[in-house]
Amino acid sequence: MYTQALDIPDADQRARQAMAPAAEAGEKALQAQFDAKIDADRRIEPQDWMPDAYRKTLVRQISQHAHSEVVGMLPEGNWIARAPSLKRKAILLAKVQDEGGHGLYLYSAAETLGVTRDAMVDALHSGKAKYSSIFNYPTLTWADVGTIGWLVDGAAIMNQVPICRCSYGPYARAMIRICKEESFHQRQGFDALMTMMKGTPAQRDMVQDAVNRWWWPVLAMFGPPDTDSPNSALGMRWGIKRISNDELRQKFVDATVPQAKILGVTVPDPRLKWNEERQHYDYGAIDWNEFWAVVNGNGPCNKERLATRVKAHADGQWVRDAALAHARKQQQRSMKEAA
Ligand SMILES: [Fe+2]
Ligand SMILES: [Fe+2]
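The written sequence of each chain sets the order in which its residues are numbered from 1. Each chain is given a letter, starting from A, and each ligand a number, starting from 1, according to the order in which they appear as written. At least 70 in pLDDT is required for a residue's local features to be given in this predicted model, at least 80 for side-chain atom pairs to be given and counted, and no such filter applies to totals for whole chains, interfaces and linings, which use all residues. Water and hydrogen atoms play no part in the side-chain values, which are based on all heavy atoms of the structure.

Enquirer: What should I look at first to understand the coordination of the iron ion (ligand 1) in this one?
Expert: Metal coordination angles in their ideal form are 109.5 degrees for the four-donor tetrahedron and 90 or 180 degrees for the six-donor octahedron. Here a donor is any nitrogen, oxygen or sulfur atom (N, O, S) within 2.8 Å of the metal, with 3.2 Å used for Na, K and Ca; water is not among the atoms considered, so some sites may look incomplete. Taken together, Glu 69 (OE), Glu 99 (OE), His 102 (ND1) and Glu 182 (OE) make up the protein donors of the iron ion (ligand 1), found 2.0 to 2.2 Å from the metal. Counting the intervening residues between successive donors of the iron ion (ligand 1) yields the motif E-x29-E-x2-H-x79-E. Here the iron ion (ligand 1) and the iron ion (ligand 2) are spaced 3.4 Å apart, and both take Glu 99 as a donor. In this pair, Glu 69 sits in helix H3 (residues 52-71) while Glu 99 sits in helix H5 (residues 86-111), placing the two residues 30 residues apart along the sequence. Comparing Glu 69 with Glu 99 shows no difference in burial state: the two are buried. Think of it this way: any DSSP run of H or I at least four residues long counts as a helix, any run of E at least two long counts as a strand, and we number them from the N terminus. For every residue, the accessible area obtained with a 1.4 Å probe (protein chains only) is divided by the maximum for its type, and the residue is called buried under 20%, exposed over 50%, and partly exposed between those limits.

See below:
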């Protein structure tokens, strides 16, 4: 996952209505207790008092994160039936299933804040809720699958590791497990690309083409520059966001350029250069117009992704109905036994 969209407000009315009201009396004292907990770097748990804005921010961020995991299954899912070997197919299946699992942990974490799963899913399907813009790009060749693992999951790790220390307990705990799985995703992607780079010139060209197409959207995944991220300061104060968008992006570039050298691919940025003074790589300008166009629904695959997601949900209705009927039956049986 994939957290670029996480600090983009979506004005979700339903989530707002689901917020628990702040305690009426002694709100100041409760606020002081909350602030003290944040200052002491202690976790906030679902039963604790929290400011409405904190709850609202978390519902937005965690649900957008969950949506990103679930929609993130789609670009690679397209390649499960076309994987080049049984081994690659098994790895890809496991990876895509992991992403579905990440979505489920995160929906559960968001539910502890008082929002329902149905409300979150409705917001996604109606186009009201955001998910990471990166999944609105197409997967044209097998090299795209490896590149998503290497770069997109690599960026996700950079973004998500600090969330393991998020002030909200259920979110932080979900992220610990998720990050372990993301490491496997990144490695399998790098490994798939390395295999292709040792193959034919056509395979190497395929990898380079995929890297050329994904590099810039991946850099944009970290979100708008710090000067243009209105939610970041409060997120930092609340211990939800620990490292700024620009810092994370720089860490990603610094970690990834040496990997590109090992792989033997060129990063498509003529301005990419090691800066001895800063001890970081300098890199070129990101096209923020493209980023916002994709976030606002006009990327190459936005409509396709949403339509596929809505269809999958509708097709799965019978499974949910059957599970509910089974649960009801079990409950009736245990009530009968207890009587
Ligand atoms: Fe994930
Ligand atoms: Fe992943």
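Enquirer: Got a minute to help me understand the layout of surface pockets in this structure?
Expert: In this approach the atoms are scanned with a rolling probe the size of a water molecule, which exposes any empty space left behind. Cavities and pockets were defined on a 1 Å grid built from protein atoms only: a cavity is a group of points that admits a 1.4 Å probe but offers it no way out, a pocket is an open group of points flanked by protein on both sides within 12 Å along at least five of seven lines, and a lining residue is one with an atom within 4 Å of any such point. Grid points are joined across faces, edges and corners, and a volume is the space filled by probe spheres set on the points. A volume near 380 Å³ is recorded for the largest pocket. Contributing elements (two or more residues each) for the lining of the largest pocket: H5, helix H6 (117-125), helix H13 (302-315) and helix H14 (317-338). No other element matches the five residues that H6 contributes to the lining of the largest pocket. Think of it as three bins: nonpolar holds Ala, Val, Leu, Ile, Met, Phe, Trp, Tyr, Cys and Pro, charged holds Asp, Glu, Lys and Arg, and polar takes everything else, Gly as well. A class-by-class count of the residues in the lining of the largest pocket yields five nonpolar, four polar and five charged.

Enquirer: Looking at this structure, how should I read the packing of H5 against helix H7 (residues 142-160)?
Expert: Angle between the axes and distance between the axes are the two parameters that describe a pair of packed helices. The convention used is that axes are lines fitted to C-alpha atoms, helices contributing only their stretch in contact, and that angles between N-to-C directions extend from 0 to 180 degrees. It is at 13 Å that the axes of H5 and H7 come closest, and there the two elements cross at 45°. Here H5 lies oblique to H7, going by the angle between them. Judged by the sense of rotation from one axis to the other, the crossing of H5 with H7 is left-handed. Taking contact as the criterion, the partners of Arg 88, Leu 92, Lys 95 and Glu 99 in H5 are, on H7, Trp 142, Val 145, Ile 148 and Asp 153. By residue class, the composition of the contact of H5 with H7 is four nonpolar, no polar and four charged. For classification, angles of less than 35 degrees are called roughly parallel, those exceeding 145 degrees roughly antiparallel, those between 65 and 115 degrees roughly perpendicular, and all remaining angles oblique. A clockwise turn of the near helix away from the far one marks a right-handed crossing, whereas an anticlockwise turn of less than a right angle marks a left-handed crossing. Any pair of residues with heavy atoms lying within 4.5 Å of one another is described as a contacting pair.

Enquirer: It is not clear to me how the packing of aromatic side chains should be interpreted in this structure. Could you clarify?
Expert: Within a pair of aromatic rings, the relevant descriptors are the distance that separates the centres and the angle that separates the planes. Ring pairs are drawn from Phe, Tyr and Trp, using the six-membered ring of Trp, whenever the two centres fall within 6.5 Å, and their geometry is named by plane angle: stacked under 30 degrees, edge-to-face over 60, tilted for the rest. Applying the stated criterion across every chain yields a total of eleven aromatic pairs. Three or more aromatic residues joined by ring pairs form one cluster here, namely Phe 34, Trp 49, Tyr 54 and Trp 238. Placement of a positive charge over a ring is assigned whenever Lys NZ or Arg CZ falls within 6 Å of the ring centre and within 35 degrees of the normal to the ring plane. The ring centre of Trp 79 lies 3.9 Å from the NZ or CZ of Arg 82, which sits over that ring.

Enquirer: Explain helix H12 (residues 288-298) here, please?
Expert: Count 3.6 residues to each turn of an α-helix, and residues three or four apart come out pointing the same way. Where H12 is concerned, the buried positions are Trp 288, Phe 291, Val 294 and Val 295. Buried residues along H12 cover an arc of 125° about the axis, so they all sit on one side. For H12, the exposed residues set more than 90 degrees away from the buried face come down to Asn 289 and Asn 298. Against the buried residues of H12 lie helix H9 (201-220), helix H11 (245-263) and H13. Think of the arc as the fan of directions from the helix axis to the C-beta atoms.

Enquirer: Looking at this structure, I do not really get H7. What am I missing?
Expert: To estimate the expected span of a helix, subtract one from its residue number and multiply by 1.5 Å. Over its 19 residues, H7 runs 26 Å from end to end, which matches the ideal 27 Å to within 8%, given 1.5 Å per residue. Bend at a given residue is defined as the angle between two axes, one fitted to the seven residues that end at that position and one fitted to the seven that begin there. Its maximal kink placed at Ile 148, H7 deviates by approximately 35°. For H7, a buried count of 19 out of 19 residues is recorded, marking the element as mostly surrounded by other parts of the structure. Its side-chain oxygen at 3.1 Å from the backbone nitrogen of Ala 143, Thr 141 defines the N-terminal cap of H7. Pairs of N or O atoms within 3.5 Å make up the polar contacts considered here, provided that, within protein, one atom can donate a hydrogen while the other can accept it, and that residues adjacent in sequence are counted only when both atoms are side-chain atoms.

Enquirer: I tried to follow the pattern of salt bridges on my own but got confused; where do I start?
Expert: Oppositely charged side chains may form a pair once their charged atoms are brought near each other. The salt bridge criterion pairs a side-chain nitrogen of Lys or Arg with a carboxyl oxygen of Asp or Glu, the two atoms within 4 Å. Inspection of the entire model under this criterion finds 18 salt bridges. For Asp 282, the salt bridge identified is with Arg 278, shortest N-O distance 2.8 Å. When its relative accessible area of 26% is taken as the criterion, Asp 282 is described as partly exposed. Residues Asp 315 and Lys 311 are paired through a salt bridge, measuring 2.7 Å at the closest nitrogen-oxygen approach. You can see Asp 315 and its partner Lys 311 sitting in helix H13, four residues apart, about one turn around the helix. For Asp 315, a relative accessible area of 44% gives the class partly exposed. Judged by its relative accessible area of 52%, Lys 311 is exposed. Sharing partners across several salt bridges, the network here consists of Glu 76, Lys 95, Glu 99 and Asp 153.

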